[in-house]
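Coordinates in review
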Amino acid sequence: MSILESTKNQQDWAVAVMRVVVGAIFVAHGAQKLFTYGLAGTTGAFGQMGIPLAGIAAPLITFLEFFGGLALIAGFLTRFVSVGLVFNMIGAIAFVHLSAGFFMPKGYEFALVLLAGSLALAIAGGGSISLDSLIASRRQQTARTR
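Bear in mind that the values here come from a model prediction, so they are computed numbers and not experimental data. (Residues numbered from 1 in each chain as written. Predicted model: local features only at pLDDT ≥ 70, side-chain atom pairs only at ≥ 80, totals over all residues. Heavy atoms only, no water.)

1. Some words on the environment of I135
By secondary structure assignment, the location of I135 is in helix α5 (residues 131–145). Sequence separation of I135 and F76 is 59 residues, and the distance between their C-alpha atoms is 9.0 Å. (Helix = DSSP H or I, 4+ residues; strand = E, 2+ residues; numbered from the N terminus.)

2. Focus: the pattern of salt bridges
Inspection of the entire model under this criterion finds two salt bridges. Here D12 makes a salt bridge to K8, at a shortest N to O gap of 2.8 Å. Of this pair, D12 and K8 both sit in helix α1 (residues 8–48), four residues apart, which is roughly one turn of that helix. For D12, a relative accessible area of 11% gives the class buried. Between K33 and E65 there is a salt bridge, with its nearest N and O atoms 2.8 Å apart. Of the two residues, K33 sits in helix α1 while E65 sits in helix α2 (residues 54–74), which places them 32 residues apart along the sequence. For the pair K33 and E65, a shared accessibility class is recorded, and that class is buried. (Salt bridge = Lys/Arg side-chain N within 4 Å of Asp/Glu carboxyl O. Buried < 20%, exposed > 50% of the residue type's maximum accessible area, 1.4 Å probe, protein only.)

3. Re the packing of aromatic side chains
In this description, an aromatic ring pair is defined by two values, namely the gap between the centres and the angle between the planes. The final tally for this structure, using the stated rule, is five aromatic pairs. Measuring from centroid to centroid gives 5.1 Å for F102 and F103, while their planes differ by 85°, and the two rings are edge-to-face. For F102, a relative accessible area of 34% corresponds to the partly exposed category. A relative accessible area of 61% places F103 in the exposed class. One aromatic cluster is present, formed by F35, F63, F66 and F67 through successive ring pairs. (Phe/Tyr/Trp six-rings, centres within 6.5 Å; stacked < 30°, edge-to-face > 60°.)

4. Topic: the layout of surface pockets
Volume-wise, the largest pocket comes out at about 790 Å³. Together, 31 residues line the largest pocket, and K33, F46, E65, A92 and V96 are the ones closest to its centre. For the lining of the largest pocket, the elements supplying multiple residues, two or more each, are α1, α2, α3 (78–97) and α4 (109–124). Tallying contributions element by element places α1 first for the lining of the largest pocket, with nine residues. (1 Å grid on protein atoms, 1.4 Å probe; cavity = no way out; pocket = protein on both sides within 12 Å on 5 of 7 lines; lining within 4 Å. Points joined across faces, edges and corners; volume = space filled by probe spheres on them.)

5. Digging into the packing of α1 against α2
Taken N-terminus to C-terminus, the directions of α1 and α2 make an angle of 160°; their axes are 7 Å apart at the nearest point. Judged on the interaxial angle alone, α2 and α1 are roughly antiparallel. The chirality of how α1 crosses α2 is left-handed. Tallied by class, the residues present in the contact of α1 with α2 amount to 21 nonpolar, nine polar and three charged. (Axes fitted to C-alpha atoms, helices over the stretch in contact; angles between N-to-C directions. Parallel < 35°, antiparallel > 145°, perpendicular 65-115°, else oblique. Left-handed = near helix turned anticlockwise from the far one by under 90°. Nonpolar A, V, L, I, M, F, W, Y, C, P; charged D, E, K, R; others polar.)

6. Comments concerning the nonpolar core
With 22 residues, the main nonpolar core has F26, F46, L72, L85 and M89 as its most contacted residues. Elements that contribute at least two residues to this core include exactly α1, α2, α3 and α4. It is α2 that contributes the most residues to this core, seven residues altogether. In contact with F46, other than residues within four places in its own chain, are K33, I51, A54, A57, A58 and I61. (Core = buried A, V, L, I, M, F, W, Y, C linked by side-chain atoms within 4.5 Å. Contact = heavy atoms within 4.5 Å.)

7. Some points on the packing of α2 against α3
Contact geometry of α2 with α3 gives a least axis separation of 10 Å together with a crossing angle of 140°. Considering their axes alone, α2 and α3 lie oblique with respect to each other. Once α2 is placed against α3, the crossing between them reads as left-handed. In this structure, α2 contributes I61, L64, E65, G68, A71 and L72 to the contact, and α3 contributes T78, V81, S82, G84, L85, N88 and M89. The residue inventory of the contact of α2 with α3, partitioned by class, reads seven nonpolar, five polar and one charged.

Spelled out as structure tokens, the structure:
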């Protein structure tokens, strides 16, 4: 192996690191919406930001970020959750951050990184160090024994 190549084991760990870090960030943001601002406060903020159907979008996004982030950490339903988070970040960029330009603190650079990480996980899946992999291998074993 050279510095230009990676083993399957290294790739599996890279996906696991990405999954856990992206998941932890979403858990933190979902927890902030759920426990700090509350659903009513988050709904009000979404309405002020011009997000359509704020009464539906705020709870949906709050639970997606919190529980979806936990699912990513565990590697459970990784592709499904990641697709939801991709659309979440597209909405965050379009409705909240795009008008402020690229750079933080109000720009879209951070949301873009979360979008890219979520998209990468939607493409790659949870990897072999995940509940998704464990469930898939158990299903394969069950199918072989029938």
